[in-house]
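Below are the chains, spelled out letter by letter.
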Amino acid sequence: MKNKSLSTSTIPTWCPGCYNFQILAGVKNALKGKEKNTAIVTGIGCHGKLFDYIALPGINTLHGRVPPTCLGLKIAKPELNVLGFSGDGDAYAEGIAHLIHAARYNSNFKYFVHNNRVFALTVGQPTPVSEKGFKDKTNPKGTKTPPINPIKLMLASGASFVARVFADVKQVEWVTKEALKHKGFAFIEILQPCLIFHPDKGLKEKTYMLEDEEHDKTNLEEAMKKAEEFDYNSINENTKIPLGIFYQTKKPVFEEEIRK
Amino acid sequence: MRMEILIAGPAGTGPNFITHILGELLIKKGYYVFYSRDYQSLIRGGHNFNILSFSDEPIYSNNSKIDILVALDEKSIQKHEKKLKEKGILIKGKEKNSYLLGAVAKTLGIEFSYIEENLKQKENFEENIKEAKKGYDSFEKKFEIRALKNKKIEFLNGSKGIAFGAVNSGLEFYYAYPMTPATPVLTELAQMSLENKHLTIELENEIAVVNAGIGSAITGAKVMVGTSGGGFDLMSEGLSLTGIAKVPLVFYLAQRPGPGTGVATYTAQGDLKLALNAGHGEFQRVVLAPGDPIEAQELVAQGFYFSHKFKIPSIIISDKHLGESFYSCSEKPKFIKINSKVKLERYNSYEKDSEGSATEDSRIIKENILRRKSKLKEIEKEAEKFEMFKFFGNKNSKNIVIGWGSTKGAILDAIKGLDIGFIQILYLSPFPKIEEIIKDKNLILVENNSTGQLGDVLREKTGILIEEGNKILRFDGRPFFADELKKEIEGRLR
């Protein structure tokens, strides 16, 4: 189902078959009917090209600066739907301080992280979520540090909505709609294998939906346990990756609080 | 007549209380007052002092020799006694600060009713008035400060000027991260926000501050961000973004000595070239330098005007001396009306096409760059409608002092009685056309930095070189004293 009203004339330059196309389609589907009151903010990296393929106002901003830019938009126009998009380099390397504080502020914008566990647009260097031992031309001996777990980080930082999906049209559309229904900061990580630099073949088959289980998304401890099931480091025959909404709660919203 | 009073003591014991109220009393008496603050980067103890100067004619700076020393501890006496003039008076005591306020008011011959009236409007007044009376009665009258014809005077520091200017321009959001000496503007605006519509928002760092500022500004809102040296460095990536994306953002840059952490609570003019050149790539900006609290109000408004008219960043450059010194202001600021046509559309940090999408098309890149470049001519033309520089003193003199920003006060006081003109540059970018006025003149540069940055800019813009020997530069973190500066200038007159 194509949502033509949001299309631009720019021809996408993502690699053929890139999972970003799935994300783009899912987001556009979810935004149907919201075109008039929505702005998008993107960072720098492959994900950032999404700005060019969705005809919505906003800004394709600097690397790592998506959260404060979204915050500024929401502060100035609280009634606007604001969707921010980052890559894992954007969110977890360059801008990680902003990410933690975004969870603390709980401004009512939705933040999507296209996580392919690699700096793809700069041709394949490791990010903070690449597995230990990741090799590329800049790390011929392999990296020495384990990855961070962004879901745990967001839960610990007080995010009021924490979700993870796979880069699949239906999952992205569903989670976007859920996030838009949530009042407050929504953190959505999208596992998005990079066909060229981090293919993660068979990753999707290792995932399962929390919504299919008896997961209590209002329970922070339960959410933490679920978050620990996948450490972003080792993927083997036993790996099980939970997807869906880990945690959701109600918290005061920044742009409303500062006006009180 | 003119007098200097130095009030010194450990931080937290009240030199600021005494100084400020004394200033208010003298203004009430019809005098012009100026006071500067010298304080260390600590909260309690240490050694702070203020110098308050007052006169029956306008003054804007301090002299180095003092008439009265008010010392709140022994250290203050040791440090400042030698600055006392031959017949100077020492007022000392470990008593409460209101006691010493009473003592100095009595010494000057200010009636006690003035103190009573003033303190009544403040907190804890009963005890303060009692203490002040004790001090008043324990000292002898040494001067007779007669009441002058009352003028309408506002007692403002540069930070209040910046804040008032922003609010008068329709400020909606002020983003900041605390950093001396920019913080007083944040404080002032936060206090004013209790009665006004604007919001002040403190974020996790200056990078968040500038980017949140950009997020708000692209909706057409009137937004200002404020910081000092290192914080401005962190903002320069965002500044560059405002340049390509056409974001109307106003920056307040309060200078302190650098590089690095420098000297946090002292003054300098070392960031002029930073303001003019910060940010990668080529883009237009307006850089404005007020020299007193009235100009601060006017130039902040003009910064908003240029930012919203041309969708460019503006930088208001001030420093600790202007930001934290109090001036008696008798003029009313003139404000410019700001109509913003900025609206939420497709902004981009990349070169963009007609749809607002990123492009690598060589033709569009070149067009975009030429469009940004050609704005300079429009900005220059528009700027000519404003007072880009001021000329004080003798227009026909062959001697001209050139300065910018907070040195204005000391220069104005220093050139009194000299055969000299003074050009104060308010617009650093675009730069005013002053070649015709300064060519063939004996130019004397006065700046609070070690390299004479305005001199370099002047050379770049006009081709006119100021001789090394004619550069009067102070770079010890302290402002110029008018009397010392006068001697420096006199030695260079032709």
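Predicted, not measured: the structure shown is a model, and the values here were computed from it. Counting restarts for each chain, with residues numbered from 1 along the sequence as it is written. Here every chain gets a letter starting at A, and every ligand a number starting at 1, in the order they are written. Where totals are concerned, whole chains, interfaces and linings use all residues; where local detail is concerned, this predicted model gives features only for residues with pLDDT of at least 70, and gives and counts side-chain atom pairs only at 80 or more. Side-chain calculation: all heavy atoms of the structure are included, whereas hydrogens and water are not.

K.L.:
Before we go on, may I ask you to explain the overall build of chain B in this structure?
P.N.:
Helix and strand counts for chain B come out as 17 helices and 20 strands. In this treatment the radius of gyration is a C-alpha quantity, and the globule benchmark scales as 2.2 Å times the residue count to the 0.38 power. Relative to its length of 494 residues, chain B is compact, with a C-alpha radius of gyration of 24 Å against a globular reference of 23 Å. Buried residues in chain B amount to 62% of all 494 residues. Two residues form a contact once any of their heavy atoms are found within 4.5 Å. Sequence-distant contacts, at least 24 apart, represent 76% of the contacts inside chain B between residues at least 6 apart. Counting from the N terminus, the helices are the DSSP runs of H or I reaching at least four residues and the strands are the DSSP runs of E reaching at least two. Working definition: with a 1.4 Å probe on protein chains only, accessible area under 20% of the residue-type maximum means buried, over 50% means exposed, and in between means partly exposed.

K.L.:
Looking at this structure, how should I read the confidence of the model for chain B?
P.N.:
Detailed conclusions should not be drawn from predicted coordinates in areas where pLDDT is low. On a scale of 0 to 100, pLDDT captures the predictor's confidence in every residue. For chain B, the average pLDDT comes to 96, and 100% of its residues sit at 70 or higher. Overall fold confidence for the complex sits at a pTM of 0.97, while the interface term, ipTM, reaches 0.97.

K.L.:
When you look at the pattern of salt bridges in this model, what are you seeing that I'm missing?
P.N.:
Residues and elements named next belong to chain A. Whenever a carboxyl oxygen of Asp or Glu lies within 4 Å of a side-chain nitrogen of Lys or Arg, that contact is scored as a salt bridge. Tallied over the full model, the rule gives 44 salt bridges over all chains. The closest approach of N and O atoms between K181 and E178, which form a salt bridge, is 2.9 Å. Of this pair, K181 and E178 both sit in helix α7 (residues 169–181), three residues apart, roughly one helical turn. Assessed through its relative accessible area of 18%, E178 is described here as buried. K226 is the salt-bridge partner of E229, the closest N and O atoms lying 3.1 Å from each other. For K226, a relative accessible area of 13% puts it in the buried group.

K.L.:
Explain the sheet that holds strand β11 (residues 286–288) of chain B here, please?
P.N.:
Residue and element names in this part refer to chain B. Note: two strands are recorded as paired if DSSP finds a minimum of 2 bridges between them. With mixed pairing, seven strands are arranged side by side in an open sheet as β8-β7-β9-β10-β12-β11-β18. Only two strands of the sheet have a single partner each, and these edge strands are β8 (199–202) and β18 (427–429). With strand direction ignored, the average angle separating the axes of adjacent strands in the sheet is 25 degrees. A fitted line through C-alpha atoms represents every axis, and for helices the fit uses only the stretch in contact; the resulting angles, taken between N-to-C directions, go from 0 to 180 degrees.

K.L.:
Would you take a moment to explain the pairing of strand β1 (residues 2–11) of chain B for this structure?
P.N.:
Walk down a regular strand and you will see the side chains alternate between the two sheet faces. Residues and elements named next belong to chain B. Burial of β1 is extensive: nine of the 10 residues sit out of reach of the surface. Both β1 and strand β3 (residues 45–55) contribute to a ladder of nine bridges, which runs antiparallel. By the bridge assignment for β3, E4 is matched with S53. Bridging between β1 and strand β4 (residues 66–71) involves four bridges; their strand directions are parallel. Its bridge partner lying in β4, I7 is registered against V70.

K.L.:
Any chance you could explain the domain arrangement of chain B here in plain terms?
P.N.:
Interface extent is often summarised as the accessible area lost during association of the parts. Residue and element names in this part refer to chain B. By convention here, the domain bounds are inherited from an automatic or database domain assignment. Considered domain by domain, chain B is made up of domain 1 (2–138), domain 2 (156–383) and domain 3 (389–490). Relative to domain 2, the C-alpha centre of domain 1 lies at a distance of 36 Å. Of the residues lining the interface, 13 residues belong to domain 1; the matching set on domain 2 comes to 12 residues. Once two parts are put together, the accessible area they lose, assessed with a 1.4 Å probe and summed over both, is termed the buried area. By the criterion of area lost to domain 2, the three top residues of domain 1 are F34, R37 and Y39, representing 41% of everything that side buries. The tally of links from domain 1 across to domain 2 stands at one salt bridge. With a shortest N-O distance of 2.9 Å, R37 and E324 are connected by a salt bridge. Identification of polar contacts relies on pairs of N or O atoms within 3.5 Å, with a donor-acceptor requirement for protein atoms, meaning one able to donate a hydrogen and the other able to accept it, and with residues adjacent in sequence counted only if both atoms are side-chain atoms. At the junction of domain 1 and domain 2, the tally comes to eight residue pairs in polar contact (both at pLDDT 80 or more). Broken down by secondary-structure element, the contributors of at least two residues to the side of domain 1 that touches domain 2 are α1 (15–28) and β2 (32–38). Sorting elements by how many residues they give to the side of domain 1 that touches domain 2 places β2 first, with seven residues. All amino acids are sorted into three groups, where Ala, Val, Leu, Ile, Met, Phe, Trp, Tyr, Cys and Pro are nonpolar, Asp, Glu, Lys and Arg are charged, and the leftover types, Gly among them, are polar. Residue classes in the side of domain 1 that touches domain 2 are distributed as seven nonpolar, four polar and two charged.

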